[in-house]
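One letter stands for each residue in the lines below.
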Amino acid sequence: ILTIFSIYKLSSDARPSSLNFALLSDSSEVQLFGDSRLTLDNSFDSANRSLELNGKAFFAVQHNDNLPFIITTKNGTVTVKGTSFLVEEMGSKLKVAVREGVVEFKNNNYTKILRKNEACIFSNDDFKKVSNLNFSNSLLTKSYQEISVREIIEELRDEHDVMVDYKSSISISDCIFNGNFENASVFDILNEWKIMFDLEYVIENGIIKILKIDCDY
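All figures in this text were calculated on a predicted structure; none of them were measured in a lab. (Residues numbered from 1 in each chain as written. Predicted model: local features only at pLDDT ≥ 70, side-chain atom pairs only at ≥ 80, totals over all residues. Heavy atoms only, no water.)

## Remarks on the overall build of the chain
Condition: What counts as a helix is a DSSP run of H or I of at least four residues, what counts as a strand is a run of E of at least two, and both are numbered from the N terminus. Each radius of gyration is computed over the set of C-alpha atoms, and the globule rule expresses the reference value as 2.2 Å times the number of residues to the power 0.38. Here the term buried applies to any residue with accessible area under 20% of the maximum for its type, exposed to any over 50%, and partly exposed to those in between, with areas from a 1.4 Å probe on protein chains only. In this analysis, two residues are considered to be in contact whenever any of their non-hydrogen atoms come within 4.5 Å of each other. Note on areas: these come from Shrake-Rupley sampling with a 1.4 Å probe, and a residue is covered only by the protein chains present in the view. Here the positive residues are Lys and Arg and the negative ones are Asp and Glu; neither His nor the chain ends is included. By convention, the point assigned to a charge is CZ for Arg, NZ for Lys, CD for Glu and CG for Asp.
What the chain contains, in helices and strands, is two helices and 17 strands. A compact globule built from 217 residues should have a C-alpha radius of gyration of about 17 Å, and the chain, at 18 Å, falls within 12% of that. Taken over the C-alpha atoms alone, the chain extends approximately 55 × 40 × 35 Å along its principal axes. Split into buried and exposed, the 217 residues of the chain put 45% on the buried side. The long-range share in the chain, meaning contacts at least 24 apart out of those at least 6 apart in sequence, stands at 46%. A total accessible area of about 11200 Å² is found for the chain, and carbon and sulfur atoms account for 43% of it. Between the centroid of the 23 positive side chains of the chain and the centroid of its 32 negative side chains there is a distance of 7 Å.

What follows is the structure in structure tokens.
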């Protein structure tokens, strides 16, 4: 029996493209899509790093040789030690796409190892390699030139349903960003702003809340 410690879930009326976020206790980052659900037990990050996924999520997992990161789905199990990858349930099948690192998929019938820029669709007794791997429906590839952080946040809200909140007293219009992203998660963007603008944020109920940003940093 799974003892519920935390559940990350969007509301049932969320659009399929909606995004929700979780920063786990081991510092691994999760980007949930649509009406997806992530369940952790009360020993996560102590005795294990095991969780259950229903739906679709992108993971950026902190490396830990002693505690592999294990994702259980109804179609099989995905195991990593530290990497970034996408897991998506597709009815009776499961898609796994690897951005960085090495991922192991296992079910009752076979085990498959995937490496960087590889993807497969797994069924109960077979798997099919995905050619022309494309993260465009899940991650961001875009070039920004002389654009404010406020405009980027508005774009993420409007085009990707990313939920970002900040107080009116926090000035983000004066923070001008230049940069290129390829297959980037929202966490990748936030981490870039940490370096450039000394950004501080928290995640509450799946919403990114900006606490501080310094345009002159």
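## Comments concerning the packing of helix H1 (residues 149–160) against helix H2 (residues 186–197)
Helix packing geometry: the angle between the two helix axes and the distance between the axes. Short version of the rule: Axes here refer to lines fitted to C-alpha atoms; in helices the fit is confined to the stretch in contact. Angles between the N-to-C directions go from 0 to 180 degrees. For classification purposes, an angle smaller than 35 degrees is called roughly parallel, one larger than 145 roughly antiparallel, one from 65 to 115 roughly perpendicular, and anything else oblique. Classification used: nonpolar for Ala, Val, Leu, Ile, Met, Phe, Trp, Tyr, Cys and Pro, charged for Asp, Glu, Lys and Arg, polar for all others including Gly.
Their axes nearest at 13 Å, the elements H1 and H2 cross at an angle of 170 degrees. One way to sum up the angle between H1 and H2 is to call them roughly antiparallel. Counted together, Val149, Ile152, Ile153 and Leu156 of H1 and Ile189, Trp193 and Phe197 of H2 form the full contact between these two elements. Across the contact of H1 with H2, the residue classes tally to seven nonpolar, no polar and no charged.

## A short note on the pattern of salt bridges
What counts here: Salt bridges are counted wherever a side-chain nitrogen of Lys or Arg sits within 4 Å of a carboxyl oxygen of Asp or Glu.
For the structure shown, the criterion picks out eight salt bridges. Put simply, Glu155 and Lys142 hold a salt bridge, and the shortest N to O gap is 2.9 Å. Here Glu155 is found in helix H1, whereas its partner Lys142 is found in strand S13 (residues 140–148), with 13 residues between them in sequence. Residue classification places Glu155 among the buried positions, given a relative accessible area of 14%. When its relative accessible area of 30% is taken as the criterion, Lys142 is described as partly exposed. Each member of the salt-bridge network shares a partner with another, and the members are Asp198, Glu200 and Lys212.

## Some thoughts on the confidence of the model for the chain
Defined as follows: For every residue, the predictor reports its confidence as pLDDT, a number between 0 and 100.
Across the chain, pLDDT averages 86, with 92% of residues at or above 70. With pLDDT under 50 throughout, residues 1–7 is counted as low confidence; its partners more than four residues away or in other chains account for 17 contacts.

## Comments concerning the sheet that holds strand S14 (residues 164–166)
Our working definition: A pair of strands is labelled paired if DSSP reports no fewer than 2 bridges between them.
With respect to topology, three strands assemble into an open sheet ordered S14-S17-S16, the strand pairing being mixed. Unpaired on one side and paired on the other, S14 and strand S16 (200–204) mark the two borders of the sheet. The sheet shows a mean angle of 30 degrees between the axes of neighbouring strands, taken without regard to direction. Its contacts with the sheet put H1 on S14 and strand S17 (207–212), and the angle it makes with S14 is roughly 140 degrees. H2 contacts S16 and S17 of the sheet and is inclined by roughly 150 degrees relative to S16.

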